[in-house]
Structure formats: C-alpha cells, structure tokens
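Residue-level structure breakdown
Below, each chain spelled out in residue letters.
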Amino acid sequence: MIQLPTSYQEYLAGKSESFINAIRPVLMQSAADQVHGVRVVFHPHDHQAHLDDSIPYGTVVEDID
C-alpha cells in the first residue's frame, strides 16, 4: 500500500472528512508517482485537487479559482 509522505499527512491534519475524501485520491496518485506536487483549488462551494508539474513532489499549494 502506498504511504503518504509526512508533508501530505500534516497537510490533512485537522481538515474535515469531506475535504480529505475529496483530495486524498490525488495525494495518493502523487505519492505513487513521486514526481509531481498537488494544487488544491478552492471554489465558492467546493474544492478540487490535481497534480501539478510545476510543484515539487511532497508539496501542496492552495489556490483560489
């Protein structure tokens, strides 16, 4: 099983279950390839995450749409 890096685990600490459920698959994908970081985009009523090749692996960047 793929382990999330400590930086991702720390990012998720204290977040709501719905938030974690929404972005965890992308964090797992990032942990599997160990190449790209993750950008979390906040929209007025939801949030999305995606791999971003401009972000180093193990890093999460928050952005507003």
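Below you will find a few notes about this structure. What you see is a predicted model, and the numbers here were worked out from it, not measured in a lab. (Residues numbered from 1 in each chain as written. Predicted model: local features only at pLDDT ≥ 70, side-chain atom pairs only at ≥ 80, totals over all residues. Heavy atoms only, no water.)

We now examine the sheet that holds strand β2 (residues 47-56). Sheet architecture is open: 3 strands sit in the order β2-β1-β3, paired in mixed fashion. Strand pairing shows two members of the sheet lacking a second neighbour, β2 and β3 (60-64), which therefore form its edges. Strand-to-strand twist of the sheet, defined as the mean angle between neighbouring strand axes without regard to direction, takes the value 30°. For strand β1 (residues 36-42) and β3, the ladder comprises 5 bridges, and the chain directions are parallel. By the bridge assignment, Val38 is partnered in β3 with Val60. Strands in contact with helix α2 (residues 17-33) are β1, β2 and β3; relative to β2, the strand with the most contacts, it is inclined by about 25°. (Pairing = 2+ DSSP bridges. Helix = DSSP H or I, 4+ residues; strand = E, 2+ residues; numbered from the N terminus. Axes fitted to C-alpha atoms, helices over the stretch in contact; angles between N-to-C directions. Contact = heavy atoms within 4.5 Å.)

For residues other than glycine, phi is negative in most cases, and the peptide bonds are mostly trans. With phi around 55°, Gln34 is a residue other than glycine that occupies positive phi space. Among the secondary structure elements, Gln34 is positioned in the loop between α2 and β1. The class of Gln34 is exposed, set by a relative accessible area of 53%. (Buried < 20%, exposed > 50% of the residue type's maximum accessible area, 1.4 Å probe, protein only.)

The topology assignment puts Ser30 in helix α2. Note on Ser30: relative accessible area 0%, which makes it buried. Excluding residues within four positions of it along the chain, Ser30 makes contact with Tyr8, Val35, His36, Gly37, Val38, Leu51 and Tyr57.

Moving on, we come to the pairing of β1. For β1, the buried fraction is high: 5 of the 7 residues fall into the buried class. Of the pairings in the sheet, the one linking β1 to β2 comprises 7 bridges and is antiparallel in character. By the bridge assignment, Val38 is partnered in β2 with Leu51. What sits between the antiparallel neighbours β1 and β2 is a turn of 4 residues.

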